[in-house]
Amino acid sequence: MISLKIIITSLNGAWKNNLRNGLSKDISKRNKSFSSVDFNEIEHMSNLANLWWDEKKNSLHAFNPLRVQFVKDGLINAGVKLQNSDLPLKELKLAEIGCGGGILTEALAKLGAQVTGIDPSIELINIAQSHVKLNHDLSKRVNYINTTIEDFVQNEKETYDAVISSEVLEHVASPELFLKECTKIVKPGKSIFITTINKTLTSLLSTILLNEYILHNIPRGTHQWNKFISPQEVQRLLEKYDCQTKLIQGIRLNSFTKQWFITSKTSTFYALHAVKQKKIISM
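The written sequence of each chain sets the order in which its residues are numbered from 1. Reporting in this predicted model follows two pLDDT cut-offs: at least 70 for local features of residues, and 80 or more for side-chain atom pairs to be given and counted; totals over whole chains, interfaces and linings ignore these cut-offs and use all residues. For side-chain calculations, the full set of non-hydrogen atoms in the structure is used, while hydrogens and water are omitted.

Caption draft 1: Spatial organisation of the UniProt feature "binding site: S-adenosyl-L-methionine" (unreviewed entry) in the chain. UniProt positions are given in the numbering used here, feature names are shortened, and annotations may be inferred rather than shown by experiment. Feature annotation in UniProt places "binding site: S-adenosyl-L-methionine" (unreviewed entry) on Arg 67, Gly 98, Asp 119 and Ser 166, given in this structure's numbering. Summarising the element assignment, Arg 67 is placed in helix H4 (residues 60-77). Residue classification places Arg 67 among the buried positions, given a relative accessible area of 5%. We call two N or O atoms a polar contact when they sit within 3.5 Å, provided that within protein one can donate a hydrogen and the other can accept it, with sequence-adjacent residues counted only if both atoms are side-chain atoms. Polar side-chain contacts of Arg 67 include one of 2.8 Å to the side chain of Asn 64. With respect to the element layout, Asp 119 can be found in strand E2 (residues 114-119). Every residue pair with non-hydrogen atoms within 4.5 Å of one another is taken to be in contact. Not counting residues within four places of it along the chain, the set of residues in contact with Asp 119 comprises Gly 98, Cys 99, Gly 100, Leu 124, Ile 125, Ile 145, Asn 146 and Thr 147. Looking at Asp 119, its side chain comes within polar contact range of the main-chain nitrogen of Gly 100, at 2.9 Å. Strands here are runs of E lasting at least two residues and helices are runs of H or I lasting at least four, both read from the DSSP assignment and numbered beginning at the N terminus. The buried label goes to any residue with under 20% of its type's maximum accessible area, the exposed label to any with over 50%, and the partly exposed label to all in between, with areas taken from a 1.4 Å probe on protein chains only.

Caption draft 2: Representation of the packing of aromatic side chains. Pairing of aromatic rings covers Phe, Tyr and the six-membered ring of Trp, with a centre-to-centre limit of 6.5 Å; geometry is then stacked below 30 degrees between planes, edge-to-face above 60, and tilted otherwise. Following the criterion strictly, the structure yields four aromatic pairs and no others. For the pair Phe 63 and Trp 260, a centre-to-centre distance of 4.1 Å together with 10° between the ring planes defines the contact as stacked. Taken as a pair, Phe 63 in helix H4 and Trp 260 in strand E7 (residues 259-263) lie far apart in primary sequence, 197 residues in all. For the ring pair Phe 70 and Phe 193, a centre distance of 5.9 Å and an interplane angle of 80° mean the geometry is edge-to-face. Of the two residues, Phe 70 sits in helix H4 while Phe 193 sits in strand E5 (residues 186-197), which places them 123 residues apart along the sequence. Considered together, Phe 70 and Phe 193 belong to a single accessibility category, that of buried residues. Taken together, the ring pairs connect Phe 63, Trp 260 and Phe 269 into an aromatic cluster. In our convention, an over-ring charge means Lys NZ or Arg CZ found within 6 Å of a ring centre and within 35 degrees of that ring's normal. Lying across the ring of Tyr 160, Lys 93 places its NZ or CZ 5.1 Å from the centre. Above the plane of the ring of Trp 225 lies Lys 199, whose end atom (NZ or CZ) is 5.1 Å from the centre.

Caption draft 3: Geometry of the UniProt feature "binding site: Mg(2+)" (unreviewed entry) in the chain. On the UniProt side, "binding site: Mg(2+)" (unreviewed entry) is annotated at positions that read Glu 167, Glu 170 and His 171 here. Of note, Glu 170 is situated in the loop between strand E4 (160-166) and helix H9 (175-184). Beyond its immediate stretch of four places on either side in the chain, Glu 170 contacts Glu 41, Thr 195, Thr 196, Ile 197, His 223, Lys 227 and Phe 228. By the secondary structure assignment, His 171 is in the loop between E4 and H9. Among all residues touching His 171, those that are not within four sequence positions of it are Asp 38, Glu 41, Met 45, Thr 222, His 223 and Lys 227. Side-chain polar atoms of His 171 contact the side chain of Glu 41, separated by 2.9 Å.

See below:
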């Protein structure tokens, strides 16, 4: 039986403040008050680096086709014409923020996009770089950088046709700062895609208690319920930084078959597509 202690830990999150090995020196020296990075989360994810490309142990692999389709459909709905059937994202410049070991980054690059993946974990970036080198043609379309969004944005303002951050927002120290910085690198009129987890009783019971502590579909300790965020809050924050939400789509994980599905309900996982508004120049 799941103890009350597990629920309390999931809700409150007993965080340590010290930095761990594996974080780059530049990131470690950063003033935390100006960073959305939660170093305890980075440590946890870094410890999973060797499992990143294990399809049996990492549920993101089964989730990937759905994520890619959401991005493709969103780009079409935002007016992007996908003319090459073999490489539909050709000539598009994308950025994945919090790319981890590169599962989604590689999938988008396989469709022809030039993709930059950034992550503050040097272990995960090393895994991503090693894996993409296995495909010489693909590696030409992928660039991985060990950095934070706050540092990255300094030289990349309004550079990308789309910015994607998948299963990251629930792990950052400041969702508002993170989203604010992400919107800076999107070109006006272009898209931002977010997938994350809603803050509901359902998400606590299914994502943490069932999938982490009972079925072990997700490594224990990966999520903290108090860091989950509602789609309405994400929409509000994006609007604050001139991004209009176009679609909020519910996503469901069948915990027993480990299959992912689109659903009308957003009580657990959801995907959000927004478009950065073009500036109106007054005459």
